[in-house]
Amino acid sequence: MNSLSAPSHPIHWLQHGGQRLGLLPGLGGSVAAWQRDAGQGLMDIWRPWAGAPDLYTTASFPLVPWSNRIGQGGFSHDGTHYPMHPNRVGEPYPIHGDGWLQPWVIRQPRHDTLELHLESKHFDGNPYHYRALQRFVLRDDGMDQLLEVTHLGADSLPYGLGQHPAFLRTPNARLHAQVEGVWLSGADPMPTGFTTQFPAGWDPREGMAVSGSLIDNAYAGWSGKAHIDWPEHALRLHMRDPVVVARGRSDGFCLLYRPAEGAHFCFEPVTHPIDAFHMEGRPGLQVLQTGQTLRQAVEWRFESLTR
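All figures in this text were calculated on a predicted structure; none of them were measured in a lab.

(A) Just the overall build of the protein chain, in detail. Per the secondary structure count, the protein chain includes 1 helix and 26 strands. Taking 307 residues into account, the globule formula puts the C-alpha radius of gyration at 19 Å, and the protein chain, at 19 Å, falls close to it. Dimensions of the protein chain, computed from the C-alpha atoms along their principal axes, are close to 60 × 45 × 40 Å. In the protein chain, 63% of the contacts between residues at least 6 apart in sequence involve partners at least 24 apart.

Below is the structure:
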């Protein structure tokens, strides 16, 4: 592992298995770059960070201790109301937890592995006190990524996790994922209702374009598997959440952010839908007692496509 100077934060690099991974522990434990040697130089798999201090310009960042937005000014649990404050300029709701807003500590336990560690205690006045771990393992055929959170507070709280990778999109790139339906939303965009009747161009089951009109919505009934094809690069990237797959119930959640313009899109594996705190049964959220841990694993694997 080595550190190189960046405009505002040092990047810590790991090289193994024909890949190059750069982490930004001081910038929310985010990823600066994930690159693969394609035989003619390094190819970016995720959008490379250009040096801005905004985590929304990084390659990926962790979502902990919840994913996406919480509405209604906070949430209630076991008879106690916990107010939550907006945490991003221009965003009316608290979004993506608070791990991405704090510096992490980096370690390298193995030649092919980097870890990021964080202890967060009532950051910005929120109720969460937890310990978090990120682990990245480069393999010959891809990468294993782990995110886990351990509740340290005295009173139980609901938790969720997710990843926020930004993929480079090409004119012919397509996303494939087995899902059952999607939450529609208002302009905020908070969910307004669930449907199994996909709007035109929103169905990833047979493959969908990653360019087009805006999508910023959560999907349910995810099988835990997905893949993205870049025909221009003769590359397929498989994504697998082994926890969801092992349950065998296609009960996972994922989120697609497809902006109408720009060079990237986000396909996010998450443990719960947007504003699950206010949905009946709080789908996907896990109530943790002191010392209990919630884990999310993502396996990324490369496959070459025939041109």
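That shown, we press on.
(B) Geometry of the packing of aromatic side chains. Summed over the entire model, instances satisfying the criterion amount to 19 aromatic pairs. Taken together, the ring pairs connect W34, W46, F167, W230, F265, W300 and F302 into an aromatic cluster. Against the face of F302 rests R36, its NZ or CZ located 4.6 Å from the ring centre.

(C) Inspection of the sheet that holds strand β19 (residues 208-209) at higher detail. With respect to topology, 9 strands assemble into an open sheet ordered β9-β10-β11-β12-β26-β22-β21-β16-β19, the strand pairing being antiparallel. For this open sheet the edge positions go to β9 (105-110) and β19, each flanked by a neighbour on one side alone. The pairing of strand β11 (residues 129-139) with strand β12 (residues 142-151) spans 10 bridges and is antiparallel. Bridged to L133 within β12 is E148.

(D) Representation of the nonpolar core. Formed by 62 residues in total, the largest nonpolar core has its most connected members in W34, W46, Y128, F167, Y219, F267 and W300. Not counting chain neighbours up to four residues away, the residues in contact with W34 comprise Q19, R20, L21, M43, D44, I45, W46, L138, M143, L237, W300 and F302. With 22 residues, the next largest nonpolar core counts L24, L63, F253 and L255 among its residues.

(E) View of the pattern of salt bridges. Under the counting rule described, the total for this entry stands at 16 salt bridges. Across the pair R139 and D144 runs a salt bridge, and its minimum N-O distance is 3.9 Å. Classification of D144 by relative accessible area gives partly exposed; the value is 22%. Among the ionic pairs, R249 bridges to D251, the shortest N-O distance being 3.0 Å. Residue classification places D251 among the partly exposed residues on the basis of a relative accessible area of 23%.

(F) Region of the structure containing the state of the cysteines. This structure, assessed with the given rule, holds 0 disulfides. Distance from the sulfur of C254, which forms no disulfide, to the nearest cysteine sulfur (C266) is 13 Å. For C266, a relative accessible area of 2% translates into the label buried.

(G) Fine view of unusual backbone geometry. Note the cis peptide between V64 and P65, where omega equals 5 degrees. The step from D188 to P189 runs through a cis peptide bond, and the omega angle for that step is 5 degrees. One can find P189 in the loop between β17 (181-185) and β18 (191-195). If you check the backbone angles, D275 has positive phi at about 55 degrees while not being a glycine. Within the secondary structure, D275 is located in the loop between β24 (264-270) and β25 (286-288). A relative accessible area of 10% places D275 in the buried class. In this structure, R282 is a non-glycine residue whose phi angle is positive, near 45 degrees. You can see R282 is positioned in the loop between β24 and β25.

(H) Representation of the pairing of strand β8 (residues 80-83) within the structure. For strand β7 (residues 74-77) and β8, the ladder comprises 4 bridges, and the chain directions are antiparallel. Pairing of G74 across the sheet is with P83, part of β8. Where β7 folds back on β8, the antiparallel hairpin that results is connected by 2 residues, among which D78 adopts a positive phi of roughly 50 degrees.

(I) Representation of the side chain of Q145 within the structure. Tracing the sequence through the fold places Q145 in strand β12. Side-chain polar atoms of Q145 contact the side chain of Q163, separated by 3.1 Å. Reaching out from Q145, the side chain makes a polar contact with the side chain of W300 at a distance of 2.9 Å. The residues touching Q145, leaving out its near neighbours within four places in the chain, are W46, R135, F136, Q163, Q296, A297, V298 and W300.

Rules used throughout
- Residues numbered from 1 in each chain as written.
- Predicted model: local features only at pLDDT ≥ 70, side-chain atom pairs only at ≥ 80, totals over all residues.
- Heavy atoms only, no water.
- Helix = DSSP H or I, 4+ residues; strand = E, 2+ residues; numbered from the N terminus.
- Rg over C-alpha atoms; globule rule 2.2 N^0.38 Å.
- Contact = heavy atoms within 4.5 Å.
- Phe/Tyr/Trp six-rings, centres within 6.5 Å; stacked < 30°, edge-to-face > 60°.
- Lys NZ or Arg CZ within 6 Å of the ring centre and 35° of its normal.
- Pairing = 2+ DSSP bridges.
- Core = buried A, V, L, I, M, F, W, Y, C linked by side-chain atoms within 4.5 Å.
- Buried < 20%, exposed > 50% of the residue type's maximum accessible area, 1.4 Å probe, protein only.
- Salt bridge = Lys/Arg side-chain N within 4 Å of Asp/Glu carboxyl O.
- Disulfide = S-S within 2.5 Å.
- Polar contact = N/O pair within 3.5 Å; in protein donor to acceptor, adjacent residues only side chain to side chain.

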